[in-house]
Number of protein chains: 2
Amino acid sequence: MTNMLTQRLSEQNYIQQLSIDCVIFGYRARQLSVLVPKLRFKSDFWALPSGFIDQDEDIDVAAQRILRERTGIDDNYLAQFHVTGKASRNGKAFLDELIRSNPEFGDGNPAVFQNQQPGLSDYDWFTRRFVSIGYYALVDINRVVPRKNELDQSMEWYDIKALPPLIMDHTAIVAKAFETLRLTLDQKGDAFNLLPETFTMKEVQELYETLLAKSFARNNFQKKILDMNVLERLEKKYTGAANKAPYLYRLPKETIQ
Amino acid sequence: MTNMLTQRLSEQNYIQQLSIDCVIFGYRARQLSVLVPKLRFKSDFWALPSGFIDQDEDIDVAAQRILRERTGIDDNYLAQFHVTGKASRNGKAFLDELIRSNPEFGDGNPAVFQNQQPGLSDYDWFTRRFVSIGYYALVDINRVVPRKNELDQSMEWYDIKALPPLIMDHTAIVAKAFETLRLTLDQKGDAFNLLPETFTMKEVQELYETLLAKSFARNNFQKKILDMNVLERLEKKYTGAANKAPYLYRLPKETIQ
């Protein structure tokens, strides 16, 4: 445990000063949620699932790896949405709090992080400026088994309207992810990845109404969605009722984009 | 001249393995164009305007600096669109060709680039893997004075439908920029930045028809644009004709986003 961070960094050959931050969106019953770990800090702090990029790893592959470790799902639907790159952005406050809260990381002394890597101490490694590539994942909330890592106390879903305090600029990163998702809702079918494998048009409409915070007329909405031409129509959902059984739809398998 | 590259790199303290590539879009008379420098190579090669990020510089500020040097305009409208980050992506072929074509960079010998910076030679610096942040700029083509730099033979506008061969993955980067521009056309008013300071609704319609490669009914189109609620209506354009003088519109000053 003691040198978990050190070990992680020294085992890998990561690109320096570049990180990936992930916003994991899930949806159920007219509520959009974000999966956020709570840090093992003395004070209450939450942070987006994050990680680094190995020298031999495509950035999309790195993002998928980071997400797989947190959701247990191999094929998370991912989209890049924004790079956050203020010159003042670094992990110093994060690392200070980590060390203060976890005295086993060198009796509260950052020195334990020093000189573990040739040329650059781990403490330096973390406290330098970081540019962050943001990815959002759209997952079927029912399939996810949240997995906390060594830095986390817990990992839970939070309603996007009631997020806990996030470290650094992570709250702004979530807002940007949500804005991007909303902005492309009419052009791209990626929001369908938030639904179970098969779904009715009513469920699609509820999803869109939740994401856009407005309501739609049923017929117009159905036409708009079908005009996007991305859904596959399956058999009717058998409900036992004699008529009015709704069609089921599904999204053909999507890949990272 | 000899050590121009070396000098540029050693004078600055850039973030390593991270670059910015810019797609500069201009528009005139139903034609969307991209401003692309032709490299001072023996073979015919074009490359997107690119640059690096100083340790003390926000990434948006770096992109604006790179663009200002190429367009002569201080307040280019910029938008991030995509990060390109394949593990196999590096500048080796570019540097080899640069040296082959410009023997004054060390008699064709890459050794001239070596040992100019402590710890890492300039040759290494260029040939390592690079992650590229893509920005597109939307400019008023009439205001731009294209400026080539020391690596360029020329710098010209090219119709996006007839781009010359670009190095590395730059053609794909242009395609992604264009796709992003088209995708958000109905939600964001950023395409208006391609027009002169004031413009008529007819000019907006021509622009949209060009970008989306389809035509619109005049009344519906006007309603859609005005519903976006981003344009400011000015006085009528005085044409000398007694009636039918069209209104002029303009976009309130936008900032980087």
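Here's a quick rundown of the structure. Keep in mind that this is a model prediction, so the values were computed, not measured.

Turning next to helix α2 (residues 59-71) of chain B. Residue and element names in this part refer to chain B. For α2, with 13 residues, the first-to-last C-alpha span of 18 Å sits near the 18 Å given by 1.5 Å per residue. Of the positions making up α2, those classed as buried are I59, A62, A63, Q64, R65, I66, L67, R70 and T71. At the exit of α2 stands G72, carrying a positive phi of roughly 75 degrees.

Looking at where B:E57 falls in the secondary structure, it is placed in the loop between β3 (50-54) and α2. By relative accessible area, B:E57 is classed as buried at 11%. At 2.7 Å, the side chain of B:E57 and the side chain of B:R65 are in polar contact. Contact partners of B:E57, with chain neighbours within four places excluded, come to A:G85, A:A87, A:R129, B:F52, B:A62 and B:R65.

The geometry of two aromatic rings is summed up by the distance between their centres and the angle between their planes. Residue and element names in this part refer to chain A. Within this structure, the stated rule accounts for 24 aromatic pairs over all chains. Centre to centre, the rings of W46 and Y158 are 6.2 Å apart; their planes meet at 85 degrees, and the pair counts as edge-to-face. Pair noted here: W46 is in the loop between β2 (31-39) and β3 (50-54) and Y158 is in strand β6 (residues 152-159), with a separation of 112 residues, a long-range link. Note on accessibility: W46 and Y158 belong to one class, buried.

The transform that puts chain A on chain B rotates by 180 degrees and translates by 0.0 Å along the axis, for an RMSD of 0.0 Å. Here the copies are linked by what is in effect a two-fold axis. By C-alpha distance to the rotation axis, the residue of chain A lying nearest is A:T184, at 3.4 Å. An overlap of 100% is found between the interface residues of chain A and their copies at the interface of chain B, pointing to a shared contact surface.

All names here are of chain B. Of all the nine residues making up strand β2 (residues 31-39), eight are buried; the element is thus mostly covered by neighbouring parts of the structure. Here strand β1 (residues 14-28) runs beside β2; their pairing, made up of four bridges, is antiparallel. The residue bridging R28 from the neighbouring strand is Q31, located in β2. Connecting the antiparallel pair β1 and β2 is a turn made up of two residues, with A29 showing a positive phi of about 50 degrees. Here seven bridges tie β2 to strand β6 (residues 152-159), and the two strands are oriented antiparallel to one another.

Another aspect to go through is the nonpolar core. Ranked by size, the top nonpolar core spans 44 residues in total, and within it A:I20, A:I133, B:I20 and B:I133 carry the most contacts. Of all the secondary-structure elements, those providing two or more residues to this core are β1 (14-28), α2 (59-71), β4 (77-84) and β5 (131-138) of chain A together with β1, α2, β4 (77-84) and β5 (131-138) of chain B. Ignoring sequence-local partners within four residues, the contact set of A:I133 consists of A:L18, A:S19, A:I20, A:D21, A:I53, A:I59, A:Q80, A:H82, B:V83 and B:V131.

Here we take up the packing of helix α6 (residues 201-212) of chain B against helix α7 (residues 218-228) of chain B. All names here are of chain B. At a minimum axis separation of 10 Å, α6 and α7 run at an interaxial angle of 95 degrees. Relative to α7, the element α6 is oriented roughly perpendicular. Residue-level inspection shows M201, V204, Q205 and Y208 of α6 in contact with α7, the latter providing R218, F221, Q222, I225, L226 and M228. Of the residues belonging to the contact of α6 with α7, the class tally is seven nonpolar, two polar and one charged.

Conventions and cut-offs
Residues numbered from 1 in each chain as written. Chains lettered and ligands numbered in written order. Predicted model: local features only at pLDDT ≥ 70, side-chain atom pairs only at ≥ 80, totals over all residues. Heavy atoms only, no water. Helix = DSSP H or I, 4+ residues; strand = E, 2+ residues; numbered from the N terminus. Expected span 1.5 Å × (residues − 1). Buried < 20%, exposed > 50% of the residue type's maximum accessible area, 1.4 Å probe, protein only. Polar contact = N/O pair within 3.5 Å; in protein donor to acceptor, adjacent residues only side chain to side chain. Contact = heavy atoms within 4.5 Å. Phe/Tyr/Trp six-rings, centres within 6.5 Å; stacked < 30°, edge-to-face > 60°. Least-squares fit on C-alpha atoms with pLDDT ≥ 70 in both. Pairing = 2+ DSSP bridges. Core = buried A, V, L, I, M, F, W, Y, C linked by side-chain atoms within 4.5 Å. Axes fitted to C-alpha atoms, helices over the stretch in contact; angles between N-to-C directions. Parallel < 35°, antiparallel > 145°, perpendicular 65-115°, else oblique. Nonpolar A, V, L, I, M, F, W, Y, C, P; charged D, E, K, R; others polar.

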